[in-house]
Amino acid sequence: MTKQLTYPFSETAIRALRVGERVSVSGRVFTGRDRLHKYLAEGGASPVALRDGAIYHCGPVTVPQEGGGWRVAAAGPTTSIREEPYMAAVIAAHGVRVIIGKGGMGANTAAACREHGCVYLQTAGGCAALLAQRIRRVEGVHFLNEFGAAEALWVFEADNLEAVVGIDTEGRSLFDIVRGESQAKLQQLLS
C-alpha cells in the first residue's frame, strides 16, 4: 500500500512512516542541490519558508520557458550523499520534513531525521522525463541568476511523486539494512 503525503507535511504523518514503505508526495516541493545546501547550511536566508516542506535533490533539472511560464521537461533525482555535509544543518535550521533523492545519505542526516522528525525518500534514478510528468506546474524559481538553472531553488507543484522511505524518523536506513543483509548473505555463501 502506498501512503499519501501532502504538503505541508505534518510531523505526525512523517513520524508514522517506516523504512521501506512506499509513499506518494503531492503539493509544494522545493529543489535544492550543492550550492543551495551550502548557502543555507552557512546561514543564508531562504527566500521561501521550508518548514514542513520537502527538498528534492533534483538535477539536472530541465525547465524551459514556455507561454509566459515554465515547463518541467526533466526532473530526476541527483545523488543525495553530496548534500551530507550540509543536510543536518538545513533540517535543523529550516524545519524540513522530507528529503527526496537517490542513493541514500549518511549518519549525520539519519541523526537529524531522528531528532527533528524528517524522512529521506528514495526515488528512481534514470527516469527524469517520467518524473517530470509528476510536476504539474512551476510556482516560482529563486537564485536562478546566482546559482544557475541546475542549482536554483525551484518551487514545484507535484502530484503523486512516488518514492520509498530510505531513512525514517527513528534513524533507520534502508541502505544500511540492505548492506548488512548482503554482507551476511555473502559470508554465508563464502563459508
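Scope of this entry: the structure provided in the associated data block. (Residues numbered from 1 in each chain as written. Predicted model: local features only at pLDDT ≥ 70, side-chain atom pairs only at ≥ 80, totals over all residues. Heavy atoms only, no water.)

On to the packing of aromatic side chains. Tallied over the entire structure, the rule returns eight aromatic pairs. Between Tyr 7 and Phe 9, the ring centres sit 5.9 Å apart and the planes meet at 75°, which makes this aromatic pair edge-to-face. By relative accessible area, which is 2% here, Phe 9 ends up buried. Put simply, the rings of Tyr 7, Phe 9 and Phe 30 pair up and form one aromatic cluster. (Phe/Tyr/Trp six-rings, centres within 6.5 Å; stacked < 30°, edge-to-face > 60°. Buried < 20%, exposed > 50% of the residue type's maximum accessible area, 1.4 Å probe, protein only.)

What follows deals with the nonpolar core. Counting residues in hydrophobic clusters, the biggest one holds 29 residues, and the most contacted among them are Leu 5, Val 25, Val 72, Val 98, Ile 100, Leu 121 and Phe 156. Contributing elements (two or more residues each) for this core: β2 (22-31), β3 (54-56), β4 (58-62), β8 (98-101), β9 (119-122), α5 (128-132), β10 (135-142) and β11 (153-167). The dominant element in this core, judged by the number of residues it contributes, is β11, at six residues. With residues up to four places along the chain from it excluded, the contact list for Ile 100 reads Val 25, Val 29, Ala 54, Ile 55, Tyr 56, His 57, Ser 80, Leu 121, Thr 123 and Leu 161. (Core = buried A, V, L, I, M, F, W, Y, C linked by side-chain atoms within 4.5 Å. Helix = DSSP H or I, 4+ residues; strand = E, 2+ residues; numbered from the N terminus. Contact = heavy atoms within 4.5 Å.)

Applying the stated criterion to the full structure yields 15 salt bridges. Note that Lys 3 and Glu 21 form a salt bridge whose closest N and O atoms lie 3.2 Å from each other. One end of the pair, Lys 3, is in strand β1 (residues 2-6); the other, Glu 21, is in the loop between α1 (11-15) and β2, with 18 residues separating them in the sequence. A single salt-bridge network, built from bridges that share partners, covers Glu 11, Arg 15, Asp 52 and Arg 97. (Salt bridge = Lys/Arg side-chain N within 4 Å of Asp/Glu carboxyl O.)

Attention now moves to the pairing of β11. Taken residue by residue, a regular strand's side chains alternate between the two faces of the sheet. Where β2 and β11 come together, eight bridges link them in antiparallel fashion. Each bridged residue has a counterpart across the sheet, and for Val 23 the counterpart in β11 is Ala 163. With six bridges connecting them, β10 and β11 associate as antiparallel partners. If you follow Ile 135 over to β11, its bridge partner there is Ala 158. (Pairing = 2+ DSSP bridges.)

All quantities given are derived from atomic positions and should not be read as evidence of function.
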